[in-house]
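Observations on chain architecture
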Amino acid sequence: MNLCILAPFLGAIVVLLIDHRKLQRIRYTALGFSLAPLVVMLGLWLGWWSWLERLLPWGFVGELLRTWGRFVPGVEQFNYLLDVTWIPLMRVHYTVGLDGLSFPLFLLSAFIGVIACIGSFGIKKRVKEYFVLYLLLIGGVLGVFAALDYFLFYVFWEISLVPMYFLIGIWGGPKKEYAAIKFFLYTLAGSIFMLVSIIGLFLYGGLQSFSMIDLAQAEGLKYLPLIARTLLFFGFFLAFSIKVPLFPFHTWLPDAHVEAPTPISVILASLLLKMGAYGYLRIMYPTFPDLAYRLGPFIGVLALISIIYGGLVAMVQPDLKKLVAYSSVAHMGFVILGIVSMNPDGINGAIMLMIAHGLTTGALFLLVGVIYDRAHTRMIADLGGLSITMPRFSFIMFLCAFGSMGLPGLVGFWGEFLIIKGTFTATAAWQQVMAMGVRGDVLMRIFAVIAVIGVVITAAYILWMIERVMLGRENPRWKGLPDMVAFEYWALVPLAFFTFFYGIYPRPMFRLFEFFSQNLANKLGGGI
Amino acid sequence: MQPFFHQWSILIIAMPLVSFVAIIFFGQWLKDRVSHLIATWMMMLVIVCATGVLLEKVLGLAPVEFLQSWDWIRAGDLIIPFAVYINNPAAITMFMTAVTAGMIHLFSQGYMKGDVRYSRFFALISLFTFSMLGVVLADHLIAFYIFWEIMGFCSYALIGFYFEKRSAQLAMKKAFIVTRIGDVGMFIGIVLLYFSLGTVRISELGQVFSSGQLPLSQTMVTIIGLLIFAGAIGKSAQFPLHVWLPDAMEGPTPVSALIHAATMVSAGVYLVVRMYPVISASGTTLAVVAAVGAFTAFFTALIGLVMKDIKRVLAYSTMSQLGYMFLGLGVLGFTGGVFHLINHAFFKAGLFLGSGSVILGCHHEQDMRRMGGLAKFMPITFWTFLILSLSLMGIPPFSGFWSKDEVLGSAFARAHELGGLYWLLWVLGEIAAFLTAAYMTRLLILTFSGRYRGNDAPPEDYLEDKARLEQEQVAWETRRYGESLGGLATLYQPAEEAALADGGEADGASTGGAKAEEASEQHHHAPRESPWVVTVPLIVLAAFAALFGFVGAAPLGIHSWERFIHFGHGAPEEVNWLVVGISTLMALGGAGTGWVIWGQRPAWVTSWYRMEWVKRLELVLVHKFYFDEFYEAYIVRPVVQMAKGFAQFDFWVIDLLVNAIGAGTKMFAYVYAWFDLWVVDGTVNLVGYFWLGVKRVIRPVQSGNLSGEPVHPGAVPGRHRGAAH
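Residues numbered from 1 in each chain as written. Chains lettered and ligands numbered in written order. Predicted model: local features only at pLDDT ≥ 70, side-chain atom pairs only at ≥ 80, totals over all residues.

1. Let's talk about the overall build of chain B
Looking only at helices and strands, chain B features 30 helices and 2 strands. For chain B, the C-alpha radius of gyration of 36 Å lies well beyond 27 Å, the compact-globule estimate for 725 residues. With the C-alpha coordinates aligned to their principal axes, the bounding extent of chain B is approximately 145 × 70 × 60 Å. Per-residue burial over chain B gives 52% buried out of 725 residues. Relative to all contacts within chain B whose residues are 6 or more apart in sequence, the contacts with residues 24 or more apart total 79%. (Helix = DSSP H or I, 4+ residues; strand = E, 2+ residues; numbered from the N terminus. Rg over C-alpha atoms; globule rule 2.2 N^0.38 Å. Buried ≥ 20, exposed ≤ 12 C-beta atoms within 10 Å, placed from the backbone. Contact = placed C-beta atoms within 7 Å.)

Listed below in structure tokens is the structure:
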């Protein structure tokens, strides 16, 4: 499992050593190194390595394979836990491990890492540097999802930030500098607050430790005054909410998306945004259950605003990429709403929607990139009639757009359904008067009903987009535009396939994290 | 004996899915002929199996409530099995779906011949059939909802089958969004049910609600019932979400027949049938169902009187008939409601196919102002259409009569029992029966009798309507593409002509070309009868329309339908001869009035047309009571305006704030930089300059060189200077 995190970093070094003129070699090396985590992870998921271990039980290989047992979701402790002292003076450890929450996201990262790598084959400018930074980025993201030490977490968090800055700033669109610096500073500002909170945890947790596992059980926090805990909470809240992004902190997202090159938009939407929600579930909620509960309505309102407001703003965007970016805001609002419900269903739904959003929005960004590479415009007003010009493209576009809309039978539905059900059912912990004399469970039910309106808005903007981009008579301006080429096609087919597959059979995914959700919900007092 | 077909019912659902997958993924390598053969033969198999299921039920070989379940989805506590639940209404609805879908598959071979997207059409109607069968059999409401939405998607894609047309694009979007508004209500209803009862399996809900120990307050039951009914309102195009169905006629005619007449729109009624224990648990819900049904039946029938497009008349008629079904269900006339659902599916599918045949015969002309006298040219179409129309009008002894009578009888009984406004429901139902007969007579007269008007100069208002559409298309394309692409006339011409040229029997799609041109020239003077693939479905459906009613002919003492469908709501009702008589009179009266007004056209009718209030009324009807305009002005536009406002807000307020913070920091940095340069660094430099000044003063003194001339020009100047600075 460690190998998964190391592979991209190793890959970055290897790519650095290749002659910058040998483009194919660079591309395939990068692909190989981003493929490695995926292969390892699939093996862990499906138990390949256990079979292999039975065939090759000897020597070093046997030893290695024995540590790669099949992933067990139903246990309290972490799978593949590795704990090595890193900086003894600061009591920093290199601790990594996967549980029901991080495993699917780690898997998603490995998967999207490969997809976006294939999607990067169209990059023409400074290929070597691009792939070096790309691999660093993937390594950072994978690290974030595996790290179990706050310090390590913070390091990986920042590692993922820097390559992103350069990737947007060098390979981006016309306003790339502005977008890159905005992205960088905005998220950096957030993560500085997180750092303060991490140090706070270290000092006041009573353990003098950065370990997430230990601090999750720390008694010391309970004796802190409320105001201090609230400040610590808000440190995390700001960092994660900016990353998610939640309503008032979302404006970096459209700019970054619009300016970033296609594969980087994919990574940004599919993975980086998930880091924020992951932080909610891994750190914020388990560490401060009482605050999570008290501030639940507040965060819930922000999530609702994200849903409705993000959807409406998406509706009138003239730029296709911006439309998808704002739809991300709306979808992530749903995710946060599910987390806020503190109900096993809601949390299941939130994780499922994260995966769904990773698949469908990633695919949509790739598709927008396909258009942009050909037409050199993303303005919805300029397009039209593409379903005749590019049939293969439009088939996948239809599938992914409807998947993103949450059409039942496609992947997006399960997340939305469970979130709304979870929010509606958020009973046990919420049966008290929360705000303005309204009982918590009633409040959550109102939230659920408002969130459902978001579903109609989603339908409206997706359909309107489809109408203006795909339907109508073939646009004479784009007549003869070639359909997708191989690398674009094969980057999209897996996404489309899983959009469909997990839509009709999401069980394998749920199996990974249902125990996690149950445990977390129990801990938060929202369990039934 | 094991109920064989029941056992394998899940495979029956899957069969159309197989053809969908085969056609959509391998369609590009298949010939059109192969794809329609796959789809149609698969449907024939489905018909056989569905008949098997029905027979097993009728013969009592299968349990009354057949339930079979497979593990499907688990997420924590949430367990959703994939379960098939077949009771008698499900069995008969499944049979109806299979038969109509099979006939429409056959029909489409003739109607869609030569279309550019021929195989995609078959893929989509197969997918649709799959989801409809799923809706009919699914036990778990979540599974039901999934199929329901897939159905909605198919409807969306098929309404927009000719997506080059502006009107089709608008119609498809409208259909999806309007039905989704209803679906959202239904979705909340399902979640509410889940939340409050812990189960949403239809089979279990029946037991829970009939057990009498409901852990729910009456208000809650009403709310749940109404929310679920909202889904039915959307899907079945009832007031106030009825606006999408007439526009949905933009789709190809077989689609209108299958989806927007026989199956999908009836799925709303079927939802109420399926959830009847929940709906009927609250009197308020039942009253709302009945009221919505009766009102829709009445006011859509009114609009049906003035429509010019043959398919739109039928669309309004569909809404009106669906209203009858809801009326029936709402007044506890479960038997009649379901009976009308089945009968209506047969005769309305038949009528749409008949209209399709007419449209094919008239060279894809849908406007009745350009038809007339077709009885001569298309005898099979005419006679089948006549039977189907009589069935719709409720003329005895055709099937529509028996079921409509049953519904109105129940309404009368309910009114008798509860009195008050319930009488109004019954009266509305009777008036709607009158109007139905009238507009169908009008349709028959305009289409089949008199003289063929297709070769005349088109009337003025017809040209105006066409020009409006044309202008809409051109304006839109010009706006989008910067140039006009030639308007509607250049759309689909080759395909249509090929369809005409080839008829149904000729093999291969010889698209366009001289042959098609020539053929269309020849046929342009006279409409002609359609090929067998078109007429055979008509004959089959007309046979159903004529004969199927007898299974439930209560006035003749045949109660087999009642026994079959009976759900346990009281004993079979007495036949109320008064209502039978009134309904028959209404139907005959309506037909007679229609014949006088549109067939005879005496002078006094013509003079009516010149009266101001009649004109105004007609205008209101032609504009469909201005619902579209109302929704456009008060819902669509405000939402878009709000969205625009939010987008501006996002840019000018929130983003500006962020940038302002950034700029503020930068400004602070500049100020600080200035401070750093001039104050901090300046102080340091000042010290330096001070000593520099001091140096200037002191050096001459110290070195003794007061004249300022260099003493040793070449000697260690660096050190000398360096020291000074």
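2. Focus on the overall build of chain A
Tallying secondary structure elements over chain A gives 22 helices and 4 strands in all. A globule of 528 residues ought to have a C-alpha radius of gyration of about 24 Å, and chain A, at 22 Å, matches this closely. Projecting the C-alpha coordinates of chain A onto the three principal axes gives extents of approximately 70 × 65 × 45 Å. Each of the 528 residues in chain A was classed as buried or not, and the buried ones make up 61%.

3. Considering the domain arrangement of chain A
Residue and element names in this part refer to chain A. When cut into domains, chain A gives domain 1 (1-287) and domain 2 (290-528). Domain 1 and domain 2 are separated by 22 Å when their C-alpha centres are compared. Taken together, the contact between domain 1 and domain 2 spans 42 residues of the former and 45 residues of the latter. Put simply, the parts of the chain that give the side of domain 1 that touches domain 2 at least two residues each are helix 5 (102-119), helix 10 (226-243), helix 11 (252-259) and helix 12 (262-287). Ranked by the residues each element gives to the side of domain 1 that touches domain 2, the list is headed by helix 12, at 14 residues. Taken together, the residues of the side of domain 1 that touches domain 2 sort by class into 28 nonpolar, 10 polar and 4 charged. (Domains from an automatic or database assignment. Nonpolar A, V, L, I, M, F, W, Y, C, P; charged D, E, K, R; others polar.)

4. Comments concerning the interface of chain A and chain B
Chain A puts 44 residues into the contact, and the matching count from chain B is 42 residues. Listed by contribution, the elements that provide at least two residues to the side of chain A that touches chain B are helix 14 (296-315), helix 16 (344-375), helix 19 (411-425), helix 20 (440-469) and helix 22 (507-524) of chain A. Considering each element in turn, the side of chain A that touches chain B owes the most residues, 9 residues, to helix 20 of chain A. Counted by class, the side of chain A that touches chain B contains 27 nonpolar, 10 polar and 7 charged residues.

5. Examining unusual backbone geometry
All names here are of chain B. The step from F239 to P240 runs through a cis peptide bond, and the omega angle for that step is 5°. Looking at the element boundaries, P240 is found in the loop between helix 9 (218-235) and helix 10 (244-247). Here P396 and P397 are connected by a cis peptide whose omega angle stands at 5°. Within the secondary structure, P397 sits in the loop between helix 18 (379-393) and helix 19 (399-418).

6. Here we look at the environment of S357 of chain B
Residue and element names in this part refer to chain B. As for its position among the elements, S357 is in helix 16 (residues 334-361). The exposure class of S357 is buried, given the 29 C-beta atoms found within 10 Å. A C-alpha to C-alpha distance of 45 Å links S357 and A643, two positions 286 residues apart in sequence. In contact with S357, not counting residues within four places along its chain, are M378, T381, S530, V534 and L538.

7. A look at the nonpolar core
With 432 residues, the main nonpolar core has A277, I336 and L367 of chain A together with V272, A349 and L541 of chain B as its most contacted residues. The leading source of residues in this core is helix 16 of chain A, at 17 residues. Composition of this core by domain shows at least three residues from each of domain 1 (1-287) and domain 2 (290-528) of chain A. (Core = buried A, V, L, I, M, F, W, Y, C linked by C-beta atoms within 7 Å.)

8. With respect to the packing of helix 16 of chain B against helix 18 of chain B
Residue and element names in this part refer to chain B. The geometry of helix 16 relative to helix 18 is characterised by a closest axis approach of 9 Å and an angle of 145° between their N-to-C directions. Between helix 16 and helix 18 the crossing geometry is left-handed. Contact residues: F347, G350, L351, G354, S357 and V358 in helix 16; T381, T384, F385, L388, S389, S391 and L392 in helix 18. (Axes fitted to C-alpha atoms, helices over the stretch in contact; angles between N-to-C directions. Left-handed = near helix turned anticlockwise from the far one by under 90°.)

9. Quick notes on the pairing of strand 2 (residues 78-86) of chain B
Residue and element names in this part refer to chain B. Bridging between strand 1 (residues 66-75) and strand 2 involves 8 bridges; their strand directions are antiparallel. Bridge assignment links A75 to a residue of strand 2, and that residue is L78. Turn length for the strand 1-strand 2 hairpin, with the two strands adjacent in sequence and antiparallel, is 2 residues, and the turn residue G76 shows positive phi of about 65°. (Pairing = 2+ DSSP bridges.)

10. A closer look at the packing of helix 5 of chain A against helix 12 of chain A
Residues and elements named next belong to chain A. At a minimum axis distance of 8 Å, the contact between helix 5 and helix 12 shows a crossing angle of 170°. With respect to helix 12, the axis of helix 5 lies roughly antiparallel. Considering only the axes of helix 5 and helix 12, their crossing is left-handed. Where helix 5 abuts helix 12, its residues L105, S109, I112, I115, A116 and G119 lie against T262, P263, V266, I267, S270, L271, K274 and Y278. (Parallel < 35°, antiparallel > 145°, perpendicular 65-115°, else oblique.)

11. Some points on helix 9 of chain B
Residues and elements named next belong to chain B. With 18 residues, helix 9 extends 26 Å between its outermost C-alpha atoms, agreeing within 8% with the 26 Å of an ideal straight helix rising 1.5 Å per residue. Counting buried positions over the 18 residues of helix 9 gives 13, a clear majority of the element. After helix 9 finishes, the residue A237 shows a positive phi value of roughly 55°. (Expected span 1.5 Å × (residues − 1).)

12. Brief notes about helix 5 (residues 118-137) of chain B
Helical periodicity: at 3.6 residues per turn, an α-helix aligns residues three or four positions apart in one direction. For helix 5 of chain B, spanning 20 residues, the distance from its first C-alpha to its last is 29 Å, which sits close to the expected 28 Å at 1.5 Å a residue. Of all the 20 residues making up helix 5 of chain B, 19 are buried; the element is thus mostly covered by neighbouring parts of the structure.

13. Section: the confidence of the model for chain B
Residue and element names in this part refer to chain B. This prediction gives chain B a mean pLDDT of 84; 91% of its residues lie at or above 70. Contacts for the low-pLDDT stretch residues 494-523, under 50 throughout, to residues beyond four places or in other chains number 49 contacts. A low-confidence stretch, residues 720-725 stays under pLDDT 50, and its non-local contacts, those more than four residues away or across chains, total 1 contact. Interface scoring of the predicted complex returns ipTM 0.91; its pTM is 0.89. (pLDDT = per-residue confidence, 0-100.)

14. Regarding the environment of L585 of chain B
Residues and elements named next belong to chain B. With respect to the helices and strands, the residue L585 is situated in helix 26 (residues 577-600). L585 gets classed as partly exposed once you count the C-beta atoms within 10 Å, which come to 14. Each C-alpha atom of the pair L585 and V694 lies 125 Å from the other, and the pair is 109 residues apart in sequence.

15. A short note on the environment of G190 of chain A
Residue and element names in this part refer to chain A. The topology assignment puts G190 in helix 8 (residues 176-204). Separated by 49 residues in sequence, G190 and A239 place their C-alpha atoms 3.9 Å apart. Aside from chain neighbours lying at most four places away, what touches G190 is L238, A239, I242 and K243.

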